[in-house]
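Spelled out from the first residue to the last, the chains are:
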Amino acid sequence: MKLGIEAAFAEANRNGGVHGRQLELTSLDDTYEPELAIANTTQLIDDGVFALIGAVGTPTSRSATPVAREAKIPYIAPFTGAAFLRDASNLPNVVNMRSSYNQETEEMVARLTGDLGITRIAVMYQDDSFGRAGYQGAREALNRRDMQPVSVGLYPRNTTAVKTGLLDLKRGDPQAVIIIGAYRPVASLIAWARHIGEDWEFMTVSFVGSNALAEELGSGGAGVYVTQVVPFPTDDSVPIVSSYLESLSEHDSDAIPGFVSLEGYLAGRLAIAGLERCGRDVDRQCFLEQLYSAEPIDLDGFVLRYGDNDNQGSDTVFLTTIADDGGYVPIKTLNPRRRASQ
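Residues numbered from 1 in each chain as written. Predicted model: local features only at pLDDT ≥ 70, side-chain atom pairs only at ≥ 80, totals over all residues. Heavy atoms only, no water.

Chemist: Lay out the overall build of the chain with the relevant residues and their values.
Modeler: What the chain contains, in helices and strands, is twelve helices and twelve strands. A globule of 342 residues ought to have a C-alpha radius of gyration of about 20 Å, and the chain, at 20 Å, matches this closely. Projected onto the principal axes, the alpha-carbon positions of the chain cover approximately 60 × 40 × 35 Å. The burial tally for the chain puts 54% of its 342 residues in the buried class. Sequence-distant contacts, at least 24 apart, represent 66% of the contacts inside the chain between residues at least 6 apart. Surface summary for the chain: the accessible area is close to 14,700 Å², and the carbon and sulfur share equals 47%. Both charge centroids of the chain, one from 29 positive and one from 45 negative side chains, sit 6 Å from each other. (Helix = DSSP H or I, 4+ residues; strand = E, 2+ residues; numbered from the N terminus. Rg over C-alpha atoms; globule rule 2.2 N^0.38 Å. Buried < 20%, exposed > 50% of the residue type's maximum accessible area, 1.4 Å probe, protein only. Contact = heavy atoms within 4.5 Å. Areas by Shrake-Rupley, 256 points an atom, 1.4 Å probe, with all protein chains shown as cover. Lys, Arg positive; Asp, Glu negative; His and termini not counted. Charge placed at Lys NZ, Arg CZ, Asp CG, Glu CD.)

Chemist: Before we move on, can you summarise the nonpolar core with the specific residues and values?
Modeler: Counting residues in hydrophobic clusters, the biggest one holds 61 residues, and the most contacted among them are Leu213 and Leu270. Looking at which element gives the most residues to this core, the answer is helix 10 (residues 259-278), with ten residues. Those residues within four positions of Leu213 in sequence are excluded, and the remaining contacts are Tyr183, Val186, Ala187, Thr204, Val208, Val224, Val226 and Tyr328. Among the nonpolar cores identified, the runner-up in size contains 40 residues, and Val49, Phe84, Met203 and Leu334 belong to it. (Core = buried A, V, L, I, M, F, W, Y, C linked by side-chain atoms within 4.5 Å.)

Chemist: Describe the packing of helix 7 (residues 183-195) against helix 8 (residues 210-217), listing the residues and the values that go with them.
Modeler: Two numbers describe how helix 7 lies on helix 8: the axes approach to 9 Å, and their chain directions differ by 40°. In terms of orientation, helix 7 lies oblique with respect to helix 8. In terms of crossing hand, the pair formed by helix 7 and helix 8 is right-handed. Contact residues: helix 7 offers Tyr183, Arg184, Val186, Ala187 and Ile190, while helix 8 offers Ala212, Leu213, Glu216 and Leu217. Looking at the contact of helix 7 with helix 8 residue by residue, the classes come out as seven nonpolar, no polar and two charged. (Axes fitted to C-alpha atoms, helices over the stretch in contact; angles between N-to-C directions. Parallel < 35°, antiparallel > 145°, perpendicular 65-115°, else oblique. Left-handed = near helix turned anticlockwise from the far one by under 90°. Nonpolar A, V, L, I, M, F, W, Y, C, P; charged D, E, K, R; others polar.)

Chemist: Help me get a handle on the state of the cysteines, residues and values and all.
Modeler: With the rule as written, the count across this model stands at one disulfide. Covalent S-S linkage joins Cys278 and Cys286, the inter-sulfur distance amounting to 2.2 Å. Disulfide Cys278-Cys286: the torsion about the S-S bond is -115°, which places it as left-handed. The pair Cys278 / Cys286 is uniform in exposure class, with both members buried. (Disulfide = S-S within 2.5 Å.)

This is how it looks when you write it as structure tokens:
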């Protein structure tokens, strides 16, 4: 996220800045812990930042957003699809860019049931507000089809302690498992399940960190599905991706394109669009009003739409899978013959 935002800011600065003013990103590491997120948010606000952008995580955002709201500091494009960030209490201070976890898990269940005819779906989730948000989304998607998870597993945040959860999943004899987690425990679960001979379909949400997950899984990653909330990050036929690739290369020639840094780049471009609309004498009220104006924000073809009661710009979910070579490929549907071809 940091790399992508920096690439977007550097691009704007090379072109003279925003109405002649240069953009600067200050970042602090909360190690994915809510208490430190509060401390860091307070420090950034005390340091006089104009807005907060690209915060990573649900439990950290749950802790940080009240601090930002009280100080009237905009909270832009957090890297989470949690439902609480999309409710009325966070309007207009929180500006979401990405699709929600509810939309990602709805797509998962729709594809598993519709494309593959699967009827036995289990859920594994991280035992915190992030995991529970995804789990709730999966349950609601299943409920809409008069289904329930056949089994549920969980693991503690910032650990890879997944074996107990794996045993809980096995009890339901699932055909597929939806996983709500970070890349290391997700990779550990998949590796252990395959090690003991479980031939389940695995699907996980965009927050996992796609490049990191594929690297962690290595040769064992083939066939894992990941929902995404941004276009494929190497498809330069898509105008916004072409802009991203050029800016990323200019900013860091050694950087490897990926879904997360593309999301960061889009977040940066969103912030720039709001600043540009206000003119040189920008203030936070104008910034938020311009983002919520009726006019869509067109980021080189990636269009974001906000409204009086809508603080989420994009509703699009993309499908990807890890190929035999460890790279990602975009897909339109889940392939029931995939295993036979591997």
